[in-house]
Amino acid sequence: MRKILVVLIAFLSVLAIYLLYLRLVPVRQESADADDINIVDISGQTGNAGKIGDVEVESVEKARYVTISPETKEVEREYGFAKLLHESGSEWEIEKPYMTIFNGDSTIKFTADKGMVQLETVSNTPTPKDAALTGNVIIEIIRANGKDTTYIYLDEVYFVGEQSLFSSAGPIKVKNPRIELDGRGVKMIYNEQARRLEYLRIVELEKLNFKDILFDPASSTKDTAAENSVQPIPAGTKSGSNKPLYQLVFDRNVLINAPQQRIFTDRLSIENIIFASSSSKSKSTRAETDSDISEQTSNTIDDGFDITLSCDNGIFVRPIDSELFSLPQVQQMGDIESGGKQTLFVADKITGDMISEKLTAYRPRVDFLADNFIDPNSQSNLPVNVTCERMDFISASDRLVFEGDVRCKMTEQLPQGFRNEYTLDTPRLILNLGSKKQAESGPFAVDHVTGDNGIVQLAAAKWKDDEVFGFMKLKCYQFDYNSLGQMFIAK
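Residues numbered from 1 in each chain as written. Predicted model: local features only at pLDDT ≥ 70, side-chain atom pairs only at ≥ 80, totals over all residues. Heavy atoms only, no water.

Draft legend 1. Geometry of the overall build of the chain. Along the chain, the regular secondary structure elements total 3 helices and 28 strands. Here the chain holds 491 residues, and 51% of them are scored as buried. Restricting the contact set of the chain to residue pairs at least 6 apart, pairs at least 24 apart contribute 58%. For the chain, the exposed area adds up to about 23900 Å²; of that, 47% sits on carbon and sulfur atoms. (Helix = DSSP H or I, 4+ residues; strand = E, 2+ residues; numbered from the N terminus. Buried < 20%, exposed > 50% of the residue type's maximum accessible area, 1.4 Å probe, protein only. Contact = heavy atoms within 4.5 Å. Areas by Shrake-Rupley, 256 points an atom, 1.4 Å probe, with all protein chains shown as cover.)

Structure, rendered in structure tokens:
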């Protein structure tokens, strides 16, 4: 589950950060500082006239604007277009706009068929006030290691400068080797003065597919690509860099469906996220031309995904302290039938904290098949049902802690219609997760089980239909079970 959350955060951070560059950051016509170099390369022909700053030019074709870093003297950003189709006052209609941004350990490319830009001049700089990119809008994010290239496809993107609002009502598709997303409708508000994202919303999430990620709380293996985008903070510390902490929310009837597990919740919320940008510098090379960039390699994407996430009310990203936008009230989950051999996890709300690296589920219910600890030689598995008020998974200690009216019930089917029922009632149940390989029949491997924090009751009964044929009950203050020695201890 932790790996699922990390990959989700990585994807949303990429989408949020790099959409900000769609404002088509302007290039100054001339620099007041000799060390701050900007290059403008324009091929002009007779015909329609355009204007760059205070300079009138004839028809503009194959325009290329380059910004050079004053520190490294290397290309930081390149923007251009194939042709100026029409110019009316401050409105420009351009063909094949593109932008390439060299961002340390990654390169971001934007292309579209057409662009409509409303310009205003600030300090002799032509700055897009409002803008629209339409037709095959593609954002390509390429990492320096050549792996995990991400493609974002949209039909159009609109920018309203007065509101700092980016939006698209059409479809959005995201692909990389690990994640595939299909949705509709994107809204984003960016506070340019505070340099922070105020709001990101994907209105409809049709599907979000994962590859090779399993519900394995005992796994401490971290996703390398995800760590490059999202930096968890050690427990007990704060941001320390004045960067805002964010919340990522999947809302309403969230379903994560995997080959062996199903997870249902009304809200999946990941909190205290820092969208970390790269501080490393890598040598930049000249960006491709608009014709080069248009040749995408989306056919390299592997479609072998095995986990799907869906929800009814889309995706929200906002600062954790934001009061501008509120979320709807969480609803209680109803009864959901177990899926046979699939592990079923149901909770009203699931919260992941990136600072403490703790996962919390409220009013959870877990149904799974466990090894038959009563008869280790048995080939059958015991259906196990666990309910409580709250469950915490603590990554640092590899522990699952169930609290509040915890009930664990196991049923063993016997010949001739008999069955044994084993019930554990405890105020708190602690599972210390083992490092051994995950059993195929269970959601996690358990080394030790402890029931404590009050009166603990264990009961065993033999039934046939509704008739009891035998019964045993034990009350104690602490119950321990060690899976290695198959030993029970009651105190």
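Next, the rest of the story.
Draft legend 2. View of the pairing of strand S9 (residues 150-160). With 8 of 11 residues buried, S9 is to be regarded as a mostly interior element. Where S9 lies against strand S10 (residues 165-175), 7 bridges are found, and the strand directions are antiparallel. When the sheet's bridge partners are listed, valine 160 is paired in S10 with leucine 165. What sits between the antiparallel neighbours S9 and S10 is a turn of 4 residues, in which serine 164 has the positive phi angle 50°. (Pairing = 2+ DSSP bridges.)

Draft legend 3. Quick look at the side chain of glutamate 412. Its place among the elements puts glutamate 412 in strand S22 (residues 399-413). No salt bridge is formed by the buried glutamate 412; its nearest oppositely charged neighbour, lysine 462, is found at 9.1 Å. Of the polar contacts made by the side chain of glutamate 412, one reaches the side chain of tyrosine 422; its length is 3.0 Å. (Lys, Arg positive; Asp, Glu negative; His and termini not counted. Salt bridge = Lys/Arg side-chain N within 4 Å of Asp/Glu carboxyl O. Polar contact = N/O pair within 3.5 Å; in protein donor to acceptor, adjacent residues only side chain to side chain.)

Draft legend 4. Here's a closer look at the environment of threonine 150. Relative to the assigned elements, threonine 150 resides in strand S9. It is 8.0 Å that separates the C-alpha atoms of threonine 150 and isoleucine 139, two residues lying 11 residues apart in sequence. Not counting chain neighbours up to four residues away, the residues in contact with threonine 150 comprise Ile139, Glu140, Ile141, Val174, Lys175 and Asn176.

Draft legend 5. Up close: the pattern of salt bridges. Applying the stated criterion to the full structure yields 15 salt bridges. With a shortest N-O distance of 3.9 Å, lysine 175 and glutamate 180 are connected by a salt bridge. Given the relative accessible area of 8%, glutamate 180 is considered buried. What you see here is one network of salt bridges that share partners, running through Lys173, Lys175, Glu180, Asp182 and Lys207.

This is a description of form; function is not addressed.
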